[in-house]
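Single-letter residue listing:
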Amino acid sequence: MKGLNLLLLLCLSSSSSLLADENNTSLDSFISDYKKQQFEYDYKKSEAESSKLRDSWIAPLHLNYNYSKSNPYTTEQLNESAAVRMDQPIFQSGGIYYGIKFADASKLYNDVSIDVAKRKMIKDAISLLMQIRQTSLRIQKQKLQIKNSDINLLQKKEQYLNGQLDSGFLDNAIIQKNIVVQALYDIETNREKLINKFSALSDLNYKNVSILHLDMISKNEFLDYNTYIKQSEYAVEKNLYAKDVRVAKYLPKVNLTAGYNWQKTSNQQFSPTFPAFSEERDYYDYGFKLSIPIDINTFRDIESAKVDYLKSQVIKKDRIRELSALYDQVMNNIKNFDKKIALSRQNRKLYKKLLDDTQKLYASGYKTKYDVQTLTNSLAIQKIDTKIYKMDKQLELLNLYEMYIKAGK
């Protein structure tokens, strides 16, 4: 699948796992196998922790076995005993039900948190790829500027040798040439850094991955289908059930109790004159127990859980406001880039007109080949600027698509 379709898959998700769709297999290819394995282990741990939490209300069976020898008198005595005990809650004033719901909500929250981290890493890899392409365009632009500096330097040198300019103008031309060359070195160094960062995240060859394109999305869509907001909603749900579990902890609880016991003694004596005897017996017991904890910190503990729940609601509202502001900022940035694109297009028209006129004047002998070459390079620079600004728009939209999960998009 080409790069265009790869990024558009960012908006595909399922209700339980935002990146679990089979189509996202190719999207996962943006990150390395080692990174994917780490996320797979995170998902497995989330599943294991959720199952453990969901079944935590089931009490364990206690198995005991004792074996001892003693020699208080002349005969060695042996004692063995074994027991199986069960103390199983069967009613916790809703605590069992809320505990299961809390476990399910916790899994949803943990899974979406993993999804958020995974999508962030994929977005970072795609962003680095786009920046590498953008930096390559800047290198092309800088080389054209170097050509113009070379032309300017040649013109200043000829004018200086002909006595038309003093050495100061020649010195300035040399300095300007050095500045643009050094800037090229800086851009090339930055490009290598971006390539190294991309290689640390992905096994793909950056040269073979297609550039992708993103479309605009509305604010309502961005907020309605947002991973961060979904994460906050699951946090609210999780803390709601956590509060209910905390309340139930201090309400009446009924447990079913049962046990089986076995004892065996060999050569037991009560005194040196008492004859030794052996005995083996077993018995069972069962029943139930009712308990109501009375704790001085009951209301404080419940209040703490309630505060966590209320805070998660506030966090959700605050996150919606933050993401709304982020969307507005991205849109403002895109408008500014649109203005730059429009300006570069105007400049292209201007340079194209100047180049056409200069070529005619050059053919007539009124302009030099340097003038034609300079304007040709300047026109190419404006075309590259347009591509760079379009890439800037895509990088801005990528900040939104990282969180955008509308199915079918």
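In this text the structure is predicted, and so the values were computed from the model without any measurement.

Q: I'm lost on the overall build of the chain in this one. Help?
A: On a plain count of helices and strands, the chain comes out with nine helices and four strands. Shown N-terminal to C-terminal, the secondary structure of the chain runs as helices and strands in the order α-α-α-β-β-α-α-α-α-β-β-α-α. Looking at the chain as a whole, 38% of its 409 residues qualify as buried. Excluding contacts between residues fewer than 6 apart, the proportion of contacts in the chain whose partners are at least 24 apart in sequence is 81%. Carbon and sulfur atoms form 53% of the exposed surface of the chain, whose accessible area is close to 23900 Å².

Q: Just to check I follow, could you spell out unusual backbone geometry for this structure?
A: With the exception of glycine, most residues fall at negative phi, and the peptide bonds are largely trans. With a phi angle near 55°, S93 is a residue other than glycine that sits in the positive phi range. Using a relative accessible area of 22% as the deciding quantity, one classes S93 as partly exposed.

Q: So what exactly am I meant to see when it comes to the pattern of salt bridges here?
A: Any two side chains of opposite charge can pair, given that their charged atoms come close. Applying the stated criterion across every chain, the model contains 21 salt bridges. Its salt-bridge partner being D104, residue R54 comes within 3.1 Å of it at the nearest N-O pair. Linking R54 in helix α3 (residues 33-54) with D104 in helix α4 (residues 95-161), this pair joins segments that are 50 residues apart in sequence. In this structure, the salt-bridge partner of R85 is D285, at a minimum N-O distance of 2.7 Å. Within this pair, whereas R85 is found in strand β2 (residues 77-91), its partner D285 is found in strand β4 (residues 277-291), the two being separated by 200 residues in sequence. Of the residues examined, D285 reaches a relative accessible area of 27% and is grouped as partly exposed. Several salt bridges share partner residues, and in doing so they unite E47, K107 and D111 into one network.

Q: What should I look at first to understand the packing of α3 against α4 in this one?
A: Packed helix pairs are specified by the crossing angle of their axes together with the interaxial distance, meaning the distance between the axes. Orientation of α3 relative to α4, taken along the N-to-C sense of each, is 170°, at an axis distance of 8 Å. Classified by the angle between their axes, α3 and α4 sit roughly antiparallel to one another. Partitioning the contact of α3 with α4 into residue classes produces nine nonpolar, four polar and nine charged.

Q: Can you walk me through the nonpolar core in this structure?
A: One broad rule of soluble globular proteins: the nonpolar side chains tend to lie buried together. One finds F30, I126, M130, F198, F222, M331 and L400 to be the most contacted residues of the largest nonpolar core, which totals 39 residues. Counting residues per element, the ones that place at least two in this core are α3, α4, α5 (167-201), α6 (219-224), α8 (298-364) and α9 (369-401). In terms of residue count, the dominant contributor to this core is α4 (nine residues). Other than its neighbours up to four places away in sequence, F198 contacts A125, L128, L129, I132, L204 and Y206.

Q: What is the right way to look at the side chain of N255 in this model?
A: Mapped onto the secondary structure, N255 falls in strand β3 (residues 253-268). Engagement of the side chain of N255 in a polar contact is seen with the side chain of D87, the distance being 2.9 Å.

Q: I would appreciate a short explanation of the packing of aromatic side chains in the present structure.
A: Aromatic ring pairs are described here by two measures, namely the spacing of the ring centres and the angle between the planes. This structure, assessed with the given rule, holds five aromatic pairs. Summarising the aromatic geometry, the rings of Y284 and Y286 are spaced 6.2 Å apart at their centres and angled 10° between planes, so their arrangement reads as stacked. The two residues Y284 and Y286 agree in class, both being exposed. One aromatic cluster in this structure is built from Y97, Y98 and Y241. Sitting over the ring of Y109, K238 keeps its end group 5.0 Å from the ring centre. Just above the ring of Y309 sits the side chain of K243; from NZ or CZ to the centre is 5.8 Å.

Q: What is the right way to read α5 from this model?
A: Each α-helix winds once per 3.6 residues, and so residues spaced three or four apart point in a common direction. Taking 1.5 Å of rise per residue, the 35 residues of α5 would be expected to cover 51 Å, and the 52 Å separating its terminal C-alpha atoms lies within 8% of that figure. Along its buried surface, α5 packs onto α3 and α4. For α5, the side-chain oxygen to backbone nitrogen distance between the N-cap and G168 is 3.1 Å, and the N-cap itself is D166.

Q: Help me out: how do you make sense of the environment of K123 in this one?
A: With respect to the helices and strands, the residue K123 is situated in helix α4. The spacing of K123 and L398 is 275 residues in sequence and 7.2 Å in space, taken between C-alpha atoms. Ignoring anything within four residues of it in the chain, the contact list for K123 reads L398, N399 and E402. Reaching out from K123, the side chain makes a polar contact with the side chain of N399 at a distance of 3.1 Å.

Definitions and cut-offs
Residues numbered from 1 in each chain as written. Predicted model: local features only at pLDDT ≥ 70, side-chain atom pairs only at ≥ 80, totals over all residues. Heavy atoms only, no water. Helix = DSSP H or I, 4+ residues; strand = E, 2+ residues; numbered from the N terminus. Buried < 20%, exposed > 50% of the residue type's maximum accessible area, 1.4 Å probe, protein only. Contact = heavy atoms within 4.5 Å. Areas by Shrake-Rupley, 256 points an atom, 1.4 Å probe, with all protein chains shown as cover. Salt bridge = Lys/Arg side-chain N within 4 Å of Asp/Glu carboxyl O. Axes fitted to C-alpha atoms, helices over the stretch in contact; angles between N-to-C directions. Parallel < 35°, antiparallel > 145°, perpendicular 65-115°, else oblique. Nonpolar A, V, L, I, M, F, W, Y, C, P; charged D, E, K, R; others polar. Core = buried A, V, L, I, M, F, W, Y, C linked by side-chain atoms within 4.5 Å. Polar contact = N/O pair within 3.5 Å; in protein donor to acceptor, adjacent residues only side chain to side chain. Phe/Tyr/Trp six-rings, centres within 6.5 Å; stacked < 30°, edge-to-face > 60°. Lys NZ or Arg CZ within 6 Å of the ring centre and 35° of its normal. Expected span 1.5 Å × (residues − 1).

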